[in-house]
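# Descriptive structure summary
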Amino acid sequence: MNIVPVSEIPMPPSIEEVEFKNPIGLYKICKDMEVLCDKSNGIGLSAVQVGLPLKLFVVKFKDHYEYLLNCEYTSVDKSELVESIEGCLSLPGRFFVVKRYPAVCVSGWRLSSNCEIQPHKADYNGLYAVVMQHEIDHHRGVMIDSIGKEYLFSTKNREQP
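Here the residue index of a chain counts from 1 through its sequence in written order. Note on the predicted model: pLDDT of at least 70 is required for a residue's local features to be given, and 80 or more for side-chain atom pairs to be given and counted; whole-chain, interface and lining totals, by contrast, use all residues. The basis for every side-chain value is the complete set of non-hydrogen atoms in the structure, without hydrogens or water.

## Some points on the confidence of the model for the protein
What pLDDT expresses is the predictor's confidence in each residue, scored from 0 to 100. For the protein, the mean per-residue pLDDT works out to 93, and 94% of the residues sit at or above 70. Every residue in residues 154-158 scores below 50 in pLDDT, and together they form one contact with partners more than four places removed in sequence or on other chains. Residue contacts are defined here by distance: any two heavy atoms, one from each residue, within 4.5 Å place the two residues in contact.

Set out below in C-alpha coordinates:
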(Lines give C-alpha, C1' and ligand atoms only; values in the text may rest on other atoms or scores of the structure.)
Protein backbone atom coordinates (compact mmCIF):
# COMPACT_ATOMS: atom_id res chain seq x y z
CA MET A 1 0.00 0.00 0.00
CA ASN A 2 1.31 3.43 -1.00
CA ILE A 3 0.08 6.99 -1.09
CA VAL A 4 -1.09 7.64 -4.64
CA PRO A 5 -0.26 10.77 -6.62
CA VAL A 6 -2.80 13.56 -6.20
CA SER A 7 -3.99 13.02 -9.76
CA GLU A 8 -4.99 9.43 -8.83
CA ILE A 9 -6.96 10.25 -5.65
CA PRO A 10 -10.57 9.15 -6.15
CA MET A 11 -13.03 12.04 -6.17
CA PRO A 12 -16.79 12.22 -5.73
CA PRO A 13 -19.03 10.76 -6.93
CA SER A 14 -16.81 7.65 -7.04
CA ILE A 15 -16.18 7.76 -3.27
CA GLU A 16 -18.59 5.38 -1.60
CA GLU A 17 -19.85 4.75 1.88
CA VAL A 18 -18.14 1.76 3.46
CA GLU A 19 -20.24 -1.39 3.51
CA PHE A 20 -20.03 -3.40 6.71
CA LYS A 21 -20.10 -6.86 5.09
CA ASN A 22 -16.43 -7.68 5.75
CA PRO A 23 -15.16 -6.07 8.97
CA ILE A 24 -12.04 -8.26 9.01
CA GLY A 25 -11.11 -7.03 5.52
CA LEU A 26 -11.73 -3.43 6.62
CA TYR A 27 -9.54 -4.00 9.67
CA LYS A 28 -6.70 -5.28 7.48
CA ILE A 29 -6.98 -2.16 5.27
CA CYS A 30 -6.92 0.05 8.38
CA LYS A 31 -3.85 -1.72 9.81
CA ASP A 32 -2.02 -1.27 6.47
CA MET A 33 -3.01 2.41 6.46
CA GLU A 34 -1.80 2.74 10.06
CA VAL A 35 1.62 1.35 9.11
CA LEU A 36 1.82 3.73 6.14
CA CYS A 37 0.74 6.70 8.27
CA ASP A 38 3.47 5.91 10.83
CA LYS A 39 6.07 5.38 8.11
CA SER A 40 5.14 8.78 6.61
CA ASN A 41 5.14 10.55 10.00
CA GLY A 42 1.47 11.41 9.59
CA ILE A 43 -1.33 11.83 12.08
CA GLY A 44 -4.17 10.84 9.75
CA LEU A 45 -4.66 9.05 6.46
CA SER A 46 -7.76 8.68 4.31
CA ALA A 47 -8.48 5.63 2.15
CA VAL A 48 -8.73 7.87 -0.92
CA GLN A 49 -5.07 8.82 -0.43
CA VAL A 50 -4.13 5.20 -1.09
CA GLY A 51 -6.46 4.95 -4.08
CA LEU A 52 -9.43 3.33 -2.33
CA PRO A 53 -12.71 5.18 -3.05
CA LEU A 54 -14.06 4.65 0.47
CA LYS A 55 -15.20 6.96 3.28
CA LEU A 56 -12.65 5.48 5.66
CA PHE A 57 -9.73 7.03 7.54
CA VAL A 58 -7.31 6.37 10.37
CA VAL A 59 -6.21 8.87 13.02
CA LYS A 60 -3.25 8.51 15.33
CA PHE A 61 -3.80 9.46 18.96
CA LYS A 62 -1.12 9.44 21.65
CA ASP A 63 -1.39 5.72 22.43
CA HIS A 64 -3.67 4.25 19.76
CA TYR A 65 -5.26 4.63 16.35
CA GLU A 66 -8.95 5.16 15.62
CA TYR A 67 -10.50 3.68 12.47
CA LEU A 68 -13.46 5.77 11.35
CA LEU A 69 -16.03 5.01 8.66
CA ASN A 70 -18.70 7.07 6.86
CA CYS A 71 -18.16 10.09 9.10
CA GLU A 72 -19.36 13.68 8.85
CA TYR A 73 -18.56 16.69 11.00
CA THR A 74 -20.42 19.74 12.26
CA SER A 75 -19.23 22.73 14.24
CA VAL A 76 -19.72 22.19 17.97
CA ASP A 77 -20.57 25.74 18.97
CA LYS A 78 -21.03 27.57 15.68
CA SER A 79 -17.95 29.61 16.50
CA GLU A 80 -15.95 31.51 13.93
CA LEU A 81 -13.42 29.74 11.79
CA VAL A 82 -9.77 29.91 12.86
CA GLU A 83 -6.64 29.58 10.77
CA SER A 84 -4.62 26.40 10.91
CA ILE A 85 -1.37 25.53 9.16
CA GLU A 86 -1.74 22.09 7.59
CA GLY A 87 0.29 19.63 5.64
CA CYS A 88 -0.96 16.58 3.78
CA LEU A 89 0.74 13.29 3.04
CA SER A 90 -0.54 13.67 -0.54
CA LEU A 91 1.23 17.04 -0.87
CA PRO A 92 4.61 16.32 0.73
CA GLY A 93 6.70 19.29 1.83
CA ARG A 94 3.89 21.79 1.26
CA PHE A 95 1.87 23.59 3.90
CA PHE A 96 -1.32 25.65 3.68
CA VAL A 97 -3.18 28.11 5.86
CA VAL A 98 -6.72 26.75 6.06
CA LYS A 99 -9.75 28.07 7.93
CA ARG A 100 -11.29 25.43 10.20
CA TYR A 101 -13.77 25.10 13.03
CA PRO A 102 -11.94 25.07 16.38
CA ALA A 103 -14.21 22.26 17.65
CA VAL A 104 -16.29 19.71 15.75
CA CYS A 105 -18.68 16.89 16.45
CA VAL A 106 -17.87 13.83 14.34
CA SER A 107 -20.56 11.23 13.78
CA GLY A 108 -20.40 7.99 11.87
CA TRP A 109 -18.95 4.59 12.67
CA ARG A 110 -15.84 3.24 14.38
CA LEU A 111 -14.11 -0.06 13.69
CA SER A 112 -12.71 -1.56 16.89
CA SER A 113 -9.61 -3.72 17.29
CA ASN A 114 -11.84 -6.78 17.65
CA CYS A 115 -13.43 -5.95 14.25
CA GLU A 116 -16.73 -4.70 15.64
CA ILE A 117 -18.34 -1.77 13.89
CA GLN A 118 -19.93 0.58 16.41
CA PRO A 119 -21.75 3.91 16.16
CA HIS A 120 -19.38 6.80 16.81
CA LYS A 121 -20.19 10.32 17.93
CA ALA A 122 -17.59 12.48 19.65
CA ASP A 123 -16.48 16.07 20.00
CA TYR A 124 -12.92 17.03 19.07
CA ASN A 125 -11.08 20.30 19.53
CA GLY A 126 -7.71 21.76 18.72
CA LEU A 127 -5.40 19.58 16.64
CA TYR A 128 -7.85 16.68 16.42
CA ALA A 129 -10.67 18.96 15.24
CA VAL A 130 -8.38 19.98 12.38
CA VAL A 131 -7.39 16.38 11.60
CA MET A 132 -11.02 15.21 11.54
CA GLN A 133 -12.06 18.02 9.18
CA HIS A 134 -9.00 17.41 6.96
CA GLU A 135 -9.62 13.66 6.59
CA ILE A 136 -13.39 13.93 6.12
CA ASP A 137 -12.82 16.68 3.54
CA HIS A 138 -10.83 14.15 1.50
CA HIS A 139 -14.07 12.13 1.16
CA ARG A 140 -15.81 15.25 -0.08
CA GLY A 141 -13.15 15.73 -2.75
CA VAL A 142 -11.67 18.73 -0.94
CA MET A 143 -7.88 19.13 -0.76
CA ILE A 144 -6.12 21.79 1.31
CA ASP A 145 -4.49 23.25 -1.80
CA SER A 146 -7.98 24.16 -3.06
CA ILE A 147 -9.28 25.75 0.16
CA GLY A 148 -6.14 27.21 1.68
CA LYS A 149 -3.35 29.59 0.87
CA GLU A 150 0.11 28.11 0.49
CA TYR A 151 2.30 28.86 3.49
CA LEU A 152 5.89 29.55 2.53
CA PHE A 153 8.61 29.39 5.12
CA SER A 154 12.34 28.80 5.31
CA THR A 155 14.35 26.81 7.81
CA LYS A 156 17.73 28.19 6.69
CA ASN A 157 17.65 31.09 9.18
CA ARG A 158 16.91 28.93 12.19
CA GLU A 159 19.65 28.34 14.72
CA GLN A 160 21.28 24.96 14.51
CA PRO A 161 21.62 22.97 17.76
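## Description of the nonpolar core
In plain words, nonpolar cores are sets of buried Ala, Val, Leu, Ile, Met, Phe, Trp, Tyr and Cys residues tied together by side-chain atoms within 4.5 Å. A simple rule labels every residue: compare its accessible area, found with a 1.4 Å probe on the protein chains alone, to the largest value its type can have, and call it buried under 20%, exposed over 50%, or partly exposed in between. Core analysis: the biggest nonpolar cluster contains 17 residues, and M33, L45, L56, V58, Y67 and L111 have the highest contact counts within it. For this core, the secondary structure elements donating two or more residues are α1 (23-39), β2 (56-60) and β3 (65-75). Secondary structure elements follow DSSP: runs of H or I no shorter than four residues count as helices, runs of E no shorter than two count as strands, and numbering proceeds from the N terminus. Sorting elements by how many residues they give to this core places α1 first, with six residues. Look past the residues within four positions of L45 in its chain and what remains in contact with it is I3, M33, L36, C37, V50, L56, F57, V58, L89 and E135. By size, the runner-up hydrophobic cluster in this structure holds 13 residues, among which are F57, V104, V131 and M132.

## Side note on the pattern of salt bridges
For this analysis, a salt bridge means a side-chain nitrogen from Lys or Arg found within 4 Å of a carboxyl oxygen belonging to Asp or Glu. One pass over the full model with this rule turns up 10 salt bridges. Measuring nitrogen to oxygen at the nearest pair gives 3.9 Å for the salt bridge that ties E17 to K55. Placement of the pair is E17 in the segment before α1 and K55 in the loop between β1 (44-46) and β2, with a sequence separation of 38 residues. For E17, a relative accessible area of 48% puts it in the partly exposed group. Since its relative accessible area comes to 17%, K55 is described here as buried. Residue R94 is joined to E150 by a salt bridge in which the shortest nitrogen-to-oxygen separation is 3.0 Å. A residue pair is termed long-range when its members are at least 10 positions apart, and R94 in the loop between β4 (82-87) and β5 (95-100) and E150 in strand β8 (residues 149-150) qualify at 56 residues. Looking at R94, the relative accessible area reads 32%, which means it is partly exposed. In the salt-bridge network here, residues are joined through shared partners; they are E72, E86, R100, D137 and R140.

## What about the side chain of E135?
Within the secondary structure, E135 sits in helix α2 (residues 127-139). None of His or the chain ends enter the tally, which takes Lys and Arg as positive and Asp and Glu as negative. One buried charged residue, E135, forms no salt bridge at all, with the nearest opposite charge on R100 at 8.5 Å. Reaching out from E135, the side chain makes a polar contact with the backbone nitrogen of S46 at a distance of 3.1 Å. Not counting chain neighbours up to four residues away, the residues in contact with E135 comprise G44, L45, S46, Q49 and F57. In protein, a polar contact requires one atom able to donate a hydrogen and another able to accept it; more generally it is a pair of N or O atoms within 3.5 Å, and residues adjacent in sequence count only if both atoms are side-chain atoms.

## Quick look at the sheet that holds β8
A pair of strands counts as paired when DSSP detects no fewer than two bridges linking them. Read from one edge to the other, the open sheet built from three strands follows the order β4-β5-β8, with strand pairing classed as antiparallel. Edge positions in the open sheet fall to β4 and β8, since each of these has one partner strand only. Inspection of the sheet shows β5 paired to β8 by two bridges, in the antiparallel sense. From the neighbouring strand, V97 faces β8, where its bridge partner is K149.

## Overview of the sheet that holds β2
The strand order across the open sheet formed by five strands is β1-β2-β3-β6-β7, and the pairing between neighbours is antiparallel. Looking along the sheet, the strands with just one partner apiece sit at the ends: β1 and β7 (117-125). Taken over all neighbouring pairs, the strand axes of this sheet differ in orientation by 35 degrees on average, direction set aside. In the packing of α1 onto the sheet, contacts are made with β1, β2, β3, β6 (103-111) and β7, and the angle to β2 comes to roughly 45 degrees. α2 contacts β1, β2, β3, β6 and β7 of the sheet and is inclined by roughly 160 degrees relative to β2. Helix axes are fitted to C-alpha atoms over the stretch in contact, other axes to C-alpha atoms as well, and angles between N-to-C directions run from 0 to 180 degrees.

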